[in-house]
Amino acid sequence: MSRERNFASPRLVAGILVVLLVGISLGSLELGSTERIGLVDTLRGLLGWIGIGEPLGGSLQTIAELRLYKLFTSIGVGAALALSGALFQGVFRNQLASPAIIGVTAGASLGASIMIILLSGATGSFFLIERAAGYAPFAISAAAFVGALLTTAMVTMFATSRGRISVPTLLLTGIAVNAIVGGAIAAIQRFAVEEADLMRALMTWTFGRLEDRSAFHVATIWIGLAATITIIPRVANELDLFATGEDDAHSLGVNTSRVKWVSLGAGALCAALAVSVAGQIAFVGLITPHILRTFTGPSHRSLLWLCLLGGPVLLCGADLAQRIVLGHAALPPGVIMSLLGGPFFLLLLMRNRSSMEAW
Amino acid sequence: MELHFNDLVFEYKGNTAAESLRALRGVSGQVRAGELVAVIGPNGAGKSTLIRMLAGLDAPASGGVTLNGMPIANLSHKERARQVAVVPQSLVTLPEVHVDDFVLGGRYAFLSPWRGPSAADRQAVRNALQACDCEGLEGRLLTRLSGGQRQRVLIARALAQGSPLLLVDEPTNSLDPGHQLAIFELLAELAKSGRAILVVTHELNLASQFATSLVLLDRGRVACRGDADKVLSPAALEPIYGKGLTFGRMEFRGCEPSADRPFVLPWRSGDE
């Protein structure tokens, strides 16, 4: 039977993404911000890390371990952001939706900013660096997570009437709450502008950060991701039917309010965890589902799973590419994703203008 | 299969009592297997609200809807979808999917989240497409179909749902006369094969030819109900649509034996 548009097989795309991810991972372990570690040494470091072999000599083992933490955090964060983006786009029936829209990103930043200020102490001595370097990352991540969930809950509450979420109201409320939270963050930055250390800590958060991650960050993002993956089979068919409108999905037998709550909740959780371990990283959630859809079509039954591979390939790939080009001058992930992702997204929009209108 | 709705009241709530709108003020009726009931009435009469209520999309403020004696509100989402299929007037957005995948959406109530569609589901899709004269459209994109083809595909998806009751909302909107006739012939055929169909329409003459009974709604109430001769009469329609109508009768050959049916034209004939 001839088909008007042929999409690639999801299995084939998954296979290609796995190969890419393995290659990018090995490259990322070899190339870092400091010295180069050969592939064999990297693998020995990995074995040493899990306690099977002898650790590498000197500082090499520490460097290899830091790169492993960074890699696993990046993979988790990329997957979480992409999955979250796909879930939001499915519920909102809009390819321009992303976790940022309902305030997840802004809320996380506000939470983190407040915690950074609290930790800094009143005297101006920078508590985070001088007195509690080991403890601060947990507190900041936790504050970011709470900030993300509180903002999302607030936006959702405003948009809910008699147990039903209205999608247009949700989008508008998100814009308003984002503006308020953005103002609050700016106010905090204004307060901190005289303090160089404080400003640097706030900015680091805004740029995103995948360096210096620990087992805590890896565990946080992977546990959250594992929990979210379990809902994929429960919402994939349903989100496909959402494409023609909620009323239509309802008449086909979909419990639309359950699907909305579960998808938005899981998407917000994923994004909140990602932001809380790696700061703000734009565009992964927006672009990954978009690119995958052009290959495998709009079905969420493949899209949601493929996002778990596509997100990491995009995030780790962009980071590795800029390390090869820029070397030690490499930029933070949030910045590189915006600089690479933004223009790329514009290009996609230009190319697909007509089909976007049909969506 | 019997759908009963009893004394349905529904109000669109506004901020004040004056802004609230009583869309239905006590509407009752029924549809049985083999019947094609046409609901007609002016814009704002409550026709679409009635469909939403019967489809379980909105709950009535008072009154109830029962399916074979069972309140529809007691059914789970999937159970309801296996009993009642809705053919919407239009879709909010058209996804870029192939026709067969779209029609497969009608099988949702039969699918398990853990496995894909079965051979029976695929067969149901083929049968539904065939019944709606949509063979050959399987591999086409929904976005590239003509209005008439899209309407047929929407009906096919409702048939794939396997429900004995179809609620059809203004199926001939923006279709040319040939396609309008074809859609109503299809609905009449489906009713004859044992389905219960309630169709909301502005096409009085198509309702006259094909409906087994008509319900005339006005401002949330049933103004008149019965066969075409009774409902499509000056006495019933002029108080609602005004005096600009011309009434007549003509032989209808779509039934055995052929019979005279009334027709109504929006035509000022000047003898008011």
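Since the structure is predicted, the reported quantities are computational estimates derived from the model, not experimental observations.

A. Spotlight on the overall build of chain A. Each helix and strand counted, chain A has 16 helices and two strands in total. If one aligns the C-alpha atoms of chain A with their principal axes, the spans along those axes are about 65 × 50 × 35 Å. Per-residue burial for chain A yields a buried fraction of 52% across its 359 residues. For chain A, restricting intrachain contacts to residue pairs at least 6 apart in sequence, the fraction spanning at least 24 positions comes to 77%. Approximately 15500 Å² of chain A is accessible, and the part contributed by carbon and sulfur atoms is 68%. Positive and negative side-chain charges in chain A, numbering 23 and 19 respectively, have mean positions lying 7 Å apart.

B. Structural detail: the confidence of the model for chain A. Within chain A, residue pLDDT values average 84, and 92% of them lie at 70 or more. Mean pLDDT across the secondary structure elements of chain A bottoms out at helix H5 (residues 127-130) of chain A, with 45, and peaks at helix H10 (residues 232-242) of chain A, with 94.

C. Broad picture of the pattern of salt bridges. Within the structure shown, the criterion is met by 22 salt bridges over all chains. Measuring nitrogen to oxygen at the nearest pair gives 2.7 Å for the salt bridge that ties A:Asp319 to A:Lys70. Of this pair, A:Asp319 sits in helix H14 (residues 300-326) while A:Lys70 is found in helix H3 (residues 60-92), placing the two residues 249 residues apart along the sequence. The exposure classification of A:Asp319 matches that of A:Lys70, with both residues buried. B:Glu2 is the salt-bridge partner of B:Arg32, the closest N and O atoms lying 3.1 Å from each other.

D. The arrangement of the interface of chain B and chain A in detail. The interface is formed by 40 residues belonging to chain B together with 29 residues belonging to chain A. Each partner contributes to the roughly 3000 Å² buried at the junction of chain B and chain A, and carbon and sulfur atoms together form 52% of this total. Here chain B and chain A share seven salt bridges between them. The salt bridge involving B:Asp101 is made with A:Arg3; its shortest N-O contact spans 3.4 Å. Taken together, the connections running from chain B to chain A amount to 15 residue pairs in polar contact (both at pLDDT 80 or more). For the side of chain B that touches chain A, the elements supplying multiple residues, two or more each, are helix H2 (77-83), strand E6 (84-87) and helix H3 (99-104) of chain B.

E. Representation of the state of the cysteines. Taken as a whole and judged by the stated rule, the model has zero disulfides over all chains. A:Cys307 carries a free sulfur, and the closest cysteine sulfur to it, the one in A:Cys270, is 10 Å from it. In this structure A:Cys307 comes out as buried when scored by relative accessible area, which is 0%. Here B:Cys134 is not disulfide-linked; the sulfur of B:Cys132 is the nearest cysteine sulfur, at 5.4 Å. Given a relative accessible area of 0%, B:Cys134 falls into the buried group.

F. Spatial organisation of the packing of aromatic side chains. Residues and elements named next belong to chain B. Scanning the entire structure with this criterion turns up four aromatic pairs over all chains. Through a chain of ring-to-ring contacts, the aromatic side chains of Phe184, Phe210 and Phe252 assemble into a single cluster. Its end group placed over the ring of Tyr108, Lys78 keeps NZ or CZ at 4.7 Å from the ring centre. Directly above the aromatic system of Phe110 lies the positively charged group of Arg82, at a separation of 5.7 Å from the ring centroid.

G. Here's a closer look at the side chain of B:Thr201. Residue and element names in this part refer to chain B. Secondary-structure assignment places Thr201 in the loop between strand E8 (196-200) and helix H7 (204-210). Only 2.9 Å separates the side chain of Thr201 from the backbone nitrogen of Glu203, close enough to count as a polar contact. Discounting residues that sit within four places of it in the chain, Thr201 has contacts with Ala38, Val39, Ile40, Thr172, Phe184 and Ala207.

Calculation notes
Residue positions are given per chain, counted from 1 along the sequence in the order it is written. Whichever chain is written first becomes A and whichever ligand is written first becomes 1, with later ones labelled in order. Since the coordinates come from a predicted model, pLDDT governs what is reported: local features require at least 70, and pairs of side-chain atoms require 80 or more to be given and counted, while whole-chain, interface and lining totals use all residues. Neither water nor hydrogens contribute to the side-chain values; these are computed over all heavy atoms in the structure. By the criteria applied, helices consist of DSSP H or I runs no shorter than four residues and strands consist of E runs no shorter than two, each listed in order from the N terminus. The buried label goes to any residue with under 20% of its type's maximum accessible area, the exposed label to any with over 50%, and the partly exposed label to all in between, with areas taken from a 1.4 Å probe on protein chains only. Contact definition: two residues touch when any of their heavy atoms are within 4.5 Å. Computed by Shrake-Rupley with a 1.4 Å probe, the accessible areas treat only the displayed protein chains as cover when residues are assessed. For the purpose of charge, His is not counted, nor are the chain termini; Lys and Arg are scored as positive and Asp and Glu as negative. Charge coordinates come from a single atom per side chain, which is NZ of Lys, CZ of Arg, CG of Asp or CD of Glu. The pLDDT score gives, residue by residue, the confidence of the prediction method on a 0 to 100 scale. Salt bridges are counted wherever a side-chain nitrogen of Lys or Arg sits within 4 Å of a carboxyl oxygen of Asp or Glu. Buried area, as used here, totals the accessible surface that two parts lose on assembly, with accessibility defined by a 1.4 Å probe and the loss added over both. Polar contacts here mean pairs of N or O atoms no more than 3.5 Å apart (in protein, one a potential hydrogen donor and the other a potential acceptor; neighbouring residues in sequence count only if both atoms are side-chain atoms). Cysteine sulfur atoms that come within 2.5 Å of each other are treated as a disulfide pair. Only Phe, Tyr and Trp rings are paired, with Trp represented by its six-membered ring, and only when their centres lie within 6.5 Å; those with planes under 30 degrees apart are stacked, over 60 edge-to-face, the remainder tilted. Each ring is checked for a lysine NZ or an arginine CZ that lies within 6 Å of its centre and within 35 degrees of its normal; such an atom marks a charge sitting over the ring.

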